[in-house]
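# Structural description and commentary
If you want the building blocks of each chain, they are given just below.
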Amino acid sequence: MEGENTAFPNLPKTLLGLSELAGNLWWSWHPEARMLFKMLDRQAWKDSGHNPVKMLKDIPKEIVQGSATDAGYLQQYDDVLARFRKEREEKSCLLTEASCDQNTYAVAYFCAEYGLHHSIPFYAGGLGFLASDFIKECSDLKVPLVAVGFMYSEGYFRQRIREDGWQEGIDEMLDLDSASITRVMGNDGKQVVVKVPLVDPPIYVAVWQITVGHVPLYLMDTAIEINSPWNRGISAHLYTGDIEQRLRQEVVLGLGGQEVLRTLGIKYFLLHLNEGHPAFALLERIREKVDQGVSYEEAIQQVQTTSVFTTHTPVPAGHDVFPFHLMEKYFSSYWPALTLDHDSFLQLGIHPEEPHAGFNMTAFAMKMSNYRNAVSNRHGVVARRMWQSLWPELKEESIPIDHVTNGVHIPTWIEPKLALLFNKYLGSRWLAEHDNPALWKLVDMIPDEELWKTHYWLKIKLIDAIRERTRQRWVNDRTSPTLVVTGGTLLDPSLLTIGFARRFATYKRADLVFYDSDRLKKLLNDRWRPIQFIFAGKAHPADDPGKRILQRIFKIACDQQMGGRIAFVEDYGEQFAQYMVHGVDVWLNNPLPPLEASGTSGMKAAINGVLNLSITDGWWAEGFNGKNGWAFGQEGTQDRSDQADAAELYEILEQEIIPLYYTMLTEGIPYGWVKMMKESIKSVGSRFSARRMVREYMEKFYMPSLNKQKL
Ligand SMILES: *Cc1c(COP(=O)(O)O)cnc(C)c1O
């Protein structure tokens with residue numbers, strides 16, 4: 001308690017529990033906990049960027065004092081804290097009894113990024129959100145899981161758009177004393193520092209922790225004194241473009257991550273690798289067994305039967321392949337430790353289709369894990385084709401790569417006002433039982449007027465947020481008038497509003513809708529039924545083609561002929577994503593098939609009644625049912641081209657979407673639209689939830705593997 005007192009000197013004794021709450025990200029997906037902070041002082045909550053640690057640090061004594069003597073507040077405080085503590089104390093022995101013990105977990109989960117909250121920006125995009133939705137759900141379901149990743153001291157980057165539309169990245173050191181993250185302290189009273197095994201010259205990592213409900217997430221940080229400057233930079237940013245530094249990141253993530261668990265005395269029975277970046281963790285597991293006297297062959301087998309590997313991308317450039325000379329540089333003392341020679345070691349990472357390309361992290365992970373999966377049904381088909389050469393004796397359909405379709409963490413992504421509506425019409429247990437499909441049928445009980453009113457309010461909230469951001473930039477940074485216009489100040493909440501927000505990777509074709517700009521202009525500038533677009537997203541700092549697409553869209557937004565109906569909102573992140581997936585009318589997605597493995601933002605939109613207009617790729621190939629949104633570019637379509645896809649997109653807009661939305665003009669409420677909103681919520685709510693996803697991982701992989709281990 002002493003420590004917390006010094007961190008938040010203004011917090012009175014009666015409210016010390018707030019520091020306990022702030023220290024566990026549990027608050028981020030429990031609105032009643034967030035409300036406790038907000039009720040202290042709305043303005044301070046807003047000023048902190050909805051970050052309780054920062055808020056409690058900065059808030060003046062007088063203000064907290066008011067709440068500390070308010071009976072209503074104290075009642076709520078007691079309720080929330082009691083619930084939090086009760087949940088925290090429940091022991092988790094699910095999957096294996098061994099995990100009732102402290103420091104013993106069924107699963108260790110490794111990922112290079114986590115998108116937990118905007119105050120902890122250790123993510124670039126979908127992979128990170130998937131990973132954090134996964135661990136939040138594991139917390140809710142009490143799956144005994146420990147997670148490992150990176151503490152990126154400078155986060156990803158803050159995006160600024162220059163007046164000519166070129167993306168610039170601003171690096172910022174994070175203020176770690178103002179976030180829900182803590183140093184892991186050793187018995188000597190100092191932060192735990194571990195040495196990455198068998199790497200020379202040595203690399204050291206300091207260990208941090210984020211507590212995500214029940215799940216401890218350990219994060220590694222190389223920005224410490226003892227490291228050389230080059231080593232310090234390893235964990236500065238996500239996915240550095242420099243290939244050697246990238247290899248060093250993955251060495252730290254895999255080998256260092258295992259060493260962290262070992263040092264902390266943490267045991268686990270199953271390793272789950274989320275994407276190929278942490279695959280070197282498999283090597284450490286093998287080495288550990290060989291060290292203990294197990295033969296190399298036996299060690300491999302033990303590791304294979306206890307490892308799960310999830311692949312996330314059909315884009316070839318999305319798979320790391322490291323040149324052999326770099327592998328030699330970093331692993332020359334490693335292969336003897338495995339009792340291997342140079343050739344047989346490098347052979348582990350060979351992709352038979354390109355044996356000279358280097359050490360392929362995905363191929364390696366595929367070979368070393370007996371449980372492998374893609375992230376949607378369609379991606380399963382693509383992945384089996386893509387990795388067929390690893391099993392030359394098998395037919396494509398028997399390639400042992402299964403799929404578990406992604407899902408989103410419902411408590412994180414459902415808008416709180418909408419959640420209240422669900423409480424009212426689906427019953428107060430709806431959230432607790434949200435993977436029961438029958439329950440979602442009750443969405444039909446929500447009166448159309450009420451659902452529409454809530455949606456419309458959320459659209460206003462989104463546009464207000466955009467205008468306020470833009471106003472701040474205008475006032476504080478003296479941006480140009482052009483940026484004020486393109487930033488979204490001309491948006492009108494009564495218009496049909498289409499959102500496109502995601503990473504600006506080229507395969508996502510953010511500019512497809514501008515393929516025939518004359519045809520689009522007619523829609524934007526229609527006198528009675530105009531439409532508007534909101535774009536947001538970052539291109540990877542090394543991705544110039546992605547930046548050029550962004551620039552193109554920005555320039556179009558500046559063009560008066562577009563009627564001021566195109567906005568580009570800077571610096572897409574978790575917070576703005578929340579506004580977007582809650583508030584637009586239509587969620588547009590038009591990647592080049594089959595390159596979207598799953599996509600998850602469309603699921604976030606769908607559960608909030610935002611209708612998907614998407615290419616049939618990734619999850620939408622499963623999610624679309626003819627009534628819950630619109631699909632184009634169906635499989636079997638001849639001559640796939642941007643031209644054909646764009647034509648189909650315009651057609652749907654002109655013939656279906658615009659007329660349906662603007663029945664509002666005559667009827668007041670667009671009843672047909674609201675019907676589709678309900679269908680969207682019903683059809684996606686349980687099926688594409690992280691709960692369904694985690695349960696599927698348990699059934700398909702965790703339980704079978706643990707059962708074989710006879711735990
Ligand atoms: C959900 C999410 C993503 C992933 O979106 P995709 O559908 O995979 O493109 C990316 N960024 C943010 C901020 C998100 O919330």
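Note that the structure is predicted; figures quoted are calculated from it, not measured. Along each chain, residue indices are assigned from 1 in the same order as the chain's sequence is written. pLDDT decides what is reported in this predicted model: residues at 70 or higher carry local features, side-chain atom pairs at 80 or more are listed and counted, and totals for whole chains, interfaces and linings draw on all residues regardless. Side-chain measures were taken over the full set of non-hydrogen atoms in the model, leaving aside hydrogen atoms and water.

### Looking at the overall build of the protein chain
Note the following rule: Comment: elements are numbered from the N terminus, with helices defined as DSSP H or I runs of at least four residues and strands as E runs of at least two. Here the globule rule reads 2.2 Å times residues to the power 0.38, and the radius of gyration is calculated from C-alpha atoms. Buried residues are those whose accessible area, probed at 1.4 Å on protein chains only, stays under 20% of the maximum for their type, while exposed residues exceed 50% and partly exposed ones sit between those limits. Residue contacts follow a heavy-atom distance rule, with two residues in contact if any of their heavy atoms lie within 4.5 Å. Note on areas: Shrake-Rupley with a 1.4 Å probe; residue coverage comes only from the protein chains shown. Neither His nor the chain ends contribute to the count of charged residues, in which Lys and Arg are positive and Asp and Glu negative. Just so you know, the charge point we use is NZ for Lys, CZ for Arg, CG for Asp and CD for Glu.
The helix and strand inventory of the protein chain stands at 31 helices and 22 strands. Here the C-alpha atoms of the protein chain give a radius of gyration of 25 Å, agreeing with the 27 Å that 2.2 N^0.38 yields for 711 residues. Its C-alpha atoms give the protein chain principal-axis dimensions of about 80 × 70 × 50 Å. Looking at the 711 residues of the protein chain, the share that counts as buried comes to 60%. Considering only contacts within the protein chain whose residues lie at least 6 apart along the sequence, 72% involve residues at least 24 apart. Of the accessible surface of the protein chain, which amounts to about 27,600 Å², a share of 51% is contributed by carbon and sulfur atoms. Put simply, the protein chain has 76 plus and 89 minus side-chain charges, and the middle of one group is 3 Å from the middle of the other.

### Considering helix H23 (residues 517–524)
Operational definition: Along the arc lie the directions from the helix axis toward the C-beta atoms.
Restricting attention to buried positions, one finds in H23 the residues Leu520, Lys521, Leu523 and Leu524. For H23, the angular spread of the buried residues around the axis is 160°, confining them to a single face. The secondary structure elements touched by the buried residues of H23 are strand E18 (531–536), strand E19 (566–569) and helix H28 (642–661).

### Remarks on the domain arrangement of the protein chain
We count it as follows: The split into domains, and so the bounds of each, comes from an automatic or database assignment of domains. Throughout, the accessible surface (probe 1.4 Å) given up by two parts as they are put together, summed over both, is called the buried area. Each salt bridge in this description consists of a side-chain nitrogen of Lys or Arg and a carboxyl oxygen of Asp or Glu lying within 4 Å of one another. Think of a polar contact as two N or O atoms within 3.5 Å of one another; within protein, one of them needs to be a possible hydrogen donor and the other a possible acceptor, and neighboring residues in sequence only count if both atoms come from side chains. Just so you know the grouping, Ala, Val, Leu, Ile, Met, Phe, Trp, Tyr, Cys and Pro go in nonpolar, Asp, Glu, Lys and Arg go in charged, and all remaining residues, Gly too, go in polar.
Along its sequence, the protein chain is organised into domain 1 (13–89), domain 2 (109–406 + 695–710) and domain 3 (413–688). With 35 residues of domain 2 at the contact, the number on the domain 3 side is 46 residues. For the pair domain 2 and domain 3, the two sides together bury roughly 3,300 Å², of which 56% comes from carbon and sulfur. Of all residues in domain 2, Gln159, Trp166 and Arg378 give up the largest surface area on contact with domain 3, accounting jointly for 21% of the area buried on that side. The interface formed by domain 2 and domain 3 includes four salt bridges. With its nearest N and O atoms 3.0 Å apart, the salt bridge here joins Asp617 to Arg378. Across the contact surface, domain 2 and domain 3 share 18 residue pairs in polar contact (both at pLDDT 80 or more). For the side of domain 2 that touches domain 3, the elements supplying multiple residues, two or more each, are helix H8 (126–141), strand E5 (158–161) and helix H17 (377–386). Split by residue class, the side of domain 2 that touches domain 3 holds 13 nonpolar, 13 polar and nine charged.

### Section: the nonpolar core
The cut-off we apply is this: We define the nonpolar core as a collection of buried residues of types Ala, Val, Leu, Ile, Met, Phe, Trp, Tyr and Cys that are connected through side-chain atoms lying within 4.5 Å of one another.
In terms of nonpolar packing, the biggest core is built from 143 residues, with Leu18, Ile135, Leu145 and Phe331 touching the most fellow members. At eight residues, the largest contribution of residues to this core is made by helix H31 (residues 690–708). Of the residues that make up this core, three or more belong to each of domain 1 (13–89) and domain 2 (109–406 + 695–710). Sequence-distant contacts of Leu18, defined by excluding residues within four places in its chain, comprise Leu11, Leu36, Phe37, Leu40, Leu56, Tyr73 and Tyr77.

### Looking at the packing of helix H22 (residues 481–489) against helix H24 (residues 544–558)
Threshold: Interaxial angle, 0 to 180 degrees, is taken between N-to-C directions of lines fitted to C-alpha atoms, where a helix line uses only the stretch in contact. Geometric relationships in this document are graded by angle, where less than 35 degrees denotes roughly parallel, more than 145 denotes roughly antiparallel, 65 to 115 denotes roughly perpendicular, and other angles denote oblique.
Taken N-terminus to C-terminus, the directions of H22 and H24 make an angle of 100°; their axes are 9 Å apart at the nearest point. In this view, H22 runs roughly perpendicular relative to H24, as classed from their interaxial angle. Residues Thr482, Leu483 and Thr486 of H22 pack against Phe554, Ala557 and Cys558 of H24. For the contact of H22 with H24, the per-class residue count stands at four nonpolar, two polar and no charged.

### Observations concerning the environment of Pro545
Assignment of secondary structure puts Pro545 in helix H24. For the pair Pro545 and Ser99, spaced 446 residues apart in sequence, the C-alpha separation works out to 48 Å.

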